[in-house]
Structure formats: structure tokens, C-alpha cells
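# A look at the structure
Next come the chains, spelled out residue by residue.
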Amino acid sequence: VDRALAVSATLQDLLQQPIDIDDRIITLDASMGISIYPDHGTRPSDLMKCADVAMYVAKRNKQAVSVYNSQNNPYDQGHLELTRDLRTAIKRNEIGLYFQPKVDMRSGILVGAEALARWRHPVQGEVPPSKFVPILEQTGLIQEFTLQVLEKAVRYCKQCERAGYEISVAVNLSVHNLRDEALPDQVEDILAEHDLDSARLTLEITESAVMDDYMKSIEVLGELSDMGIELSIDDFGTGYSSLGYLKRMPVQQLKIDRSFVSDMIMNRDDAVIVRSTIDLAHNLGLKTVAEGVETEEVLAVLGEMGCDMVQGYLVSRPLPMEEFFLFLKNCDWIVESVSAA
Ligand code: C2E
Ligand code: MG
Ligand code: MG
């Protein structure tokens, strides 16, 4: 694989040389797919097919090169079966939700929870969202799935309210949801059906999802924001949106990606990124949430930096509904470890 990647880098360099045709400078972009003999096939035609699949993955992810991986192959038997089972799970509304607390750093108050999808496959056991969400996107099942998640999350949030806990709930949106003009009305219906105040719903979106079709996304996000729903940028720092775009987005919250947060103590550059993100957010009038807070040390540094909220294993792992409710009841709003720090 390393040798193939080295060859592709050389080819990429050669292709990127500007070409001068009649005084016009032309530059080319190329995406390449790599398949390896004998891992991905023994016949030339099989290897070409795999390289082709890998190339389309590279194009879709806007990468220069990608190595074949059977999980991405829509014709792979295992993938076909997983897709079929996923379709059934959606039809039966079987995908569950876990909840992870978001805690205010100054008061230690548990202000909300992020709903995270969990799929228990009858044979394979728990399949992580990083594996099944892309399949939902490829097969057009994502719309229905998102509505199911929203419905469960909103219903649960209302249950907490009835029990005396007015927390907010956050739901993740995928790139396709942001291009779906029907979404705002559907969200409104779900909120009305459960009589939940729109301010108690947060929708998390990634930068790259917004940038994929900026104009359309802004339209959909604008409608959601006008309804009083809070919008949050997830995995902030991993995408490539410019500050100009950020300023024009109707968001209230930035979630700093956990890769920066977890390495912050060991890596000075990451600490600088976290601090600058917090300052930037505050200057734009946005709140910050640090993701992936796992240690007391990280919590203390975030406190000094003025981060507004934390989420991570230090407070709690994502929990099934009943366990989350017990957590909420036992802490009675205040998460002591956070308020003490
Ligand atoms: P995310 O929205 O950034 O969610 C946070 C992820 O970080 C979750 O992984 C969570 O379990 C994990 N996490 C939380 N605290 C810690 C920590 O302290 N340390 C570490 N190492 N990890 C932590 P999960 O549940 O596997 O979800 C992965 C991603 O899948 C999510 O990233 C989100 O992008 C996506 N996802 C999950 N549920 C949904 C959904 O209902 N709809 C959509 N469209 N995407 C979803
Ligand atoms: Mg999220
Ligand atoms: Mg995230």
C-alpha cells in the first residue's frame, strides 16, 4: 500500500503542473483509487473494479487518493446484507438512542443531552453510527431515520420536563438533511405534537455538511433558526469553512472537536487552537462546548480558558434512556465534579 501511495503522490504532482495552452493556464485535479493484489482480487478485471470503487470514494470525499475498502463497496456481499438489515431496522423503527450530558462549566448545571443513535444488529451486535449513518445517506434512508431520531429525542425531552427537569436535547443532522426543504416543517410538527418549546431543541451540524451546498443549507438553517431552534456546529476545527461563512451562519454554539480537546495537555498547538476557538466564538457571540473531555486536567484548563460547556466521558458516557434519567435524578441538576473544578 505504501508503495502504491508513493506512486500516486508522484502522479498527482505531475498532474498538478499547470499546462499552458495558447497562453491559457490550465490546472487539473485528479482523484485516484488503489486496489492491491491479491487482497482485493486476483483477476485484472476484479482489481480494476475495486480501484474504480476506491476512486469514487476519493471523489466523494474530495481526496486525492483512496485505497479500496470492502465496507465502501456497494456491491460487496457483506455491505449488501448490512444495508438490507438496516432498511428493516428503519422500517420497524428499531434504532435506539443513547444520551450524553452537556454540563455548564461555571455552575455545573446539567443543561442538556446529546442524542446518539445506536443500532443493535441481531447477529453483529452493536454497529457504530460511523458505520451505519453513511449507508443511510447513500441509500436515501437518512430522512426517515432523522425524523425517527428527532421524534424519540423530543418525546424523551418532554418526559424529563414532566419529571421536573427542563433540559434541552441535541440531535445530529446529516448533510442530506440540510438540503431537505421539507425538514423545517417536519421538525415543527414533531415539536407541536409533543408540545416542546423549540428553544429546547438543538440541532448539530458539521461545517463540511454546510459547505457542501452553502446556499441551500443556509436557507434551511435560517428557517430552523427562525423557529427558535438552537443550532450548533459539531466537530469544529476539522472542516474548512472560512470566518466569513461562519459569521453569516445563524448558529449559537460551536462544539470544539474532541481531537483538539483530548490532546490539549500534551500538545501545545492543540491548546492554542482550543483557546483561539473559544475566543473567536465569544467574539462572534457564540457559546462553546468542548467535546471528548476525559480528564480532570483537561477540565481545569478549559475552565481557565473560559469554555462554556463540557461533554465527555469524565462527566458520563452516553447512556440508555433509563440510565440517563437516573443520572439526572441522582445529580439533581448539579454535576459536582464540574462545579468543583
Ligand atoms: P458527534 O456528534 O461528534 O458525537 C460525539 C461522539 O463522541 C459520540 O460517538 C460519543 O460517544 C463520543 N464521545 C463522547 N464523549 C467522548 C469522550 O470523552 N471520549 C471519546 N473518545 N469519545 C467521546 P458516537 O456515538 O459513536 O457517534 C459518532 C458520530 O456519529 C457522532 O459524532 C455523529 O456525527 C454521528 N451520529 C450519532 N448519532 C447520529 C444521528 O442520530 N444522526 C446523525 N446524522 N449522525 C449521528
Ligand atoms: Mg454531535
Ligand atoms: Mg462531534
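Here goes a summary of the coordinates provided.

## Some words on the overall build of the chain
A count of helical and extended segments in the chain gives 14 helices and 14 strands. For 341 residues, the compact-globule estimate of 2.2 N^0.38 gives 20 Å, and the C-alpha radius of gyration of the chain, at 22 Å, lies within 12% of that figure. Dimensions of the chain, computed from the C-alpha atoms along their principal axes, are close to 65 × 45 × 40 Å. When contacts within the chain are restricted to residue pairs at least 6 apart in sequence, those whose partners lie at least 24 apart make up 64%. Put simply, the chain shows about 17800 Å² of open surface, and 50% of that area lies on carbon and sulfur atoms. Each charge class in the chain was averaged separately, 32 positive and 54 negative side chains, and the resulting centres sit 4 Å apart.

## Quick notes on helix α3 (residues 77-91)
With 15 residues, α3 extends 21 Å between its outermost C-alpha atoms, agreeing within 8% with the 21 Å of an ideal straight helix rising 1.5 Å per residue. Within the span of α3, buried status applies to H79, L82, T83, D85, L86, A89 and I90. Taken together, the buried residues of α3 touch β6 (110-121), α4 (129-139) and α5 (142-162). N93 lies just past α3 and shows a positive phi near 55 degrees.

## Observations concerning the coordination of the magnesium ion (ligand 3)
Within the protein, the atoms that donate to the magnesium ion (ligand 3) are D234 (OD), D235 (OD) and E291 (OE), at distances of 1.9 to 2.3 Å. Each donor residue of the magnesium ion (ligand 3) belongs to the same chain, and together they define the spacing D-D-x55-E. The metal-metal distance between the magnesium ion (ligand 3) and the magnesium ion (ligand 2) is 4.2 Å, with D234 coordinating both. Placement of the pair is D234 in strand β10 (residues 230-236) and E291 in the loop between β12 (287-290) and α12 (296-305), with a sequence separation of 57 residues. For D234, a relative accessible area of 7% puts it in the buried group. A relative accessible area of 9% places E291 in the buried class.

## A closer look at the packing of aromatic side chains
Applying the stated rule across the entire model yields eight aromatic pairs. Here F99 and F324 contribute two aromatic rings whose centre-to-centre distance is 6.0 Å and whose plane-to-plane angle is 50 degrees, an arrangement assigned as tilted. With a gap of 225 residues between them, F99 in strand β5 (residues 96-104) and F324 in helix α13 (residues 321-331) connect regions that are remote in the sequence. A single burial state applies to F99 and to F324, both of which are buried. Here the aromatic rings of Y156 and F324 are separated by 6.2 Å at their centres, their planes lie at 65 degrees, and the arrangement is edge-to-face. Here F324 lies in helix α13 and Y156 lies in helix α5, a separation of 168 residues in the sequence. Side by side, Y156 and F324 carry an identical accessibility label, which is buried.

## Quick word on the pairing of β10
Judged by how many residues are buried, β10 sits mostly within the fold: five of seven residues are covered. Of the strand pairs in this sheet, strand β9 (residues 201-206) and β10 are connected by five bridges, and their pairing is parallel. Looking at the pairing, E204 lines up with S232 of β10. The pairing of β10 with strand β11 (residues 253-256) spans three bridges and is classified as parallel. The partner of F236 across the bridge, within β11, is I256.

## A word on the coordination of the magnesium ion (ligand 2)
Surrounding the magnesium ion (ligand 2) are the protein donor atoms E114 (OE), N172 (OD1), E204 (OE) and D234 (OD), at 2.0 to 2.2 Å. Counting along the primary sequence, the residues that act as donors to the magnesium ion (ligand 2) give the motif E-x57-N-x31-E-x29-D.

## Let's talk about the pattern of salt bridges
Enumeration according to the criterion identifies 15 salt bridges in this entry. Linking K102 and E204 is a salt bridge whose minimum nitrogen-to-oxygen distance equals 3.4 Å. You can see K102 sitting in strand β5 and its partner E204 sitting in strand β9, a full 102 residues away along the chain. Here the two residues K102 and E204 agree in accessibility, since each one is buried. Salt-bridge contacts for R155 lead to E151; the nearest nitrogen and oxygen are separated by 3.0 Å. Separated by four residues within a single helix, R155 and E151 lie in helix α5, roughly one turn from each other. Residue E151 is classed as buried on the basis of its relative accessible area, which comes to 18%. By sharing partners, the salt bridges in this structure join K102, E114, E204 and K255 into a single network.

What counts and how
Residues numbered from 1 in each chain as written. Chains lettered and ligands numbered in written order. Predicted model: local features only at pLDDT ≥ 70, side-chain atom pairs only at ≥ 80, totals over all residues. Heavy atoms only, no water. Helix = DSSP H or I, 4+ residues; strand = E, 2+ residues; numbered from the N terminus. Rg over C-alpha atoms; globule rule 2.2 N^0.38 Å. Contact = heavy atoms within 4.5 Å. Areas by Shrake-Rupley, 256 points an atom, 1.4 Å probe, with all protein chains shown as cover. Lys, Arg positive; Asp, Glu negative; His and termini not counted. Charge placed at Lys NZ, Arg CZ, Asp CG, Glu CD. Expected span 1.5 Å × (residues − 1). Buried < 20%, exposed > 50% of the residue type's maximum accessible area, 1.4 Å probe, protein only. Donors = N, O, S within 2.8 Å, 3.2 Å for Na, K, Ca; no water. Phe/Tyr/Trp six-rings, centres within 6.5 Å; stacked < 30°, edge-to-face > 60°. Pairing = 2+ DSSP bridges. Salt bridge = Lys/Arg side-chain N within 4 Å of Asp/Glu carboxyl O.

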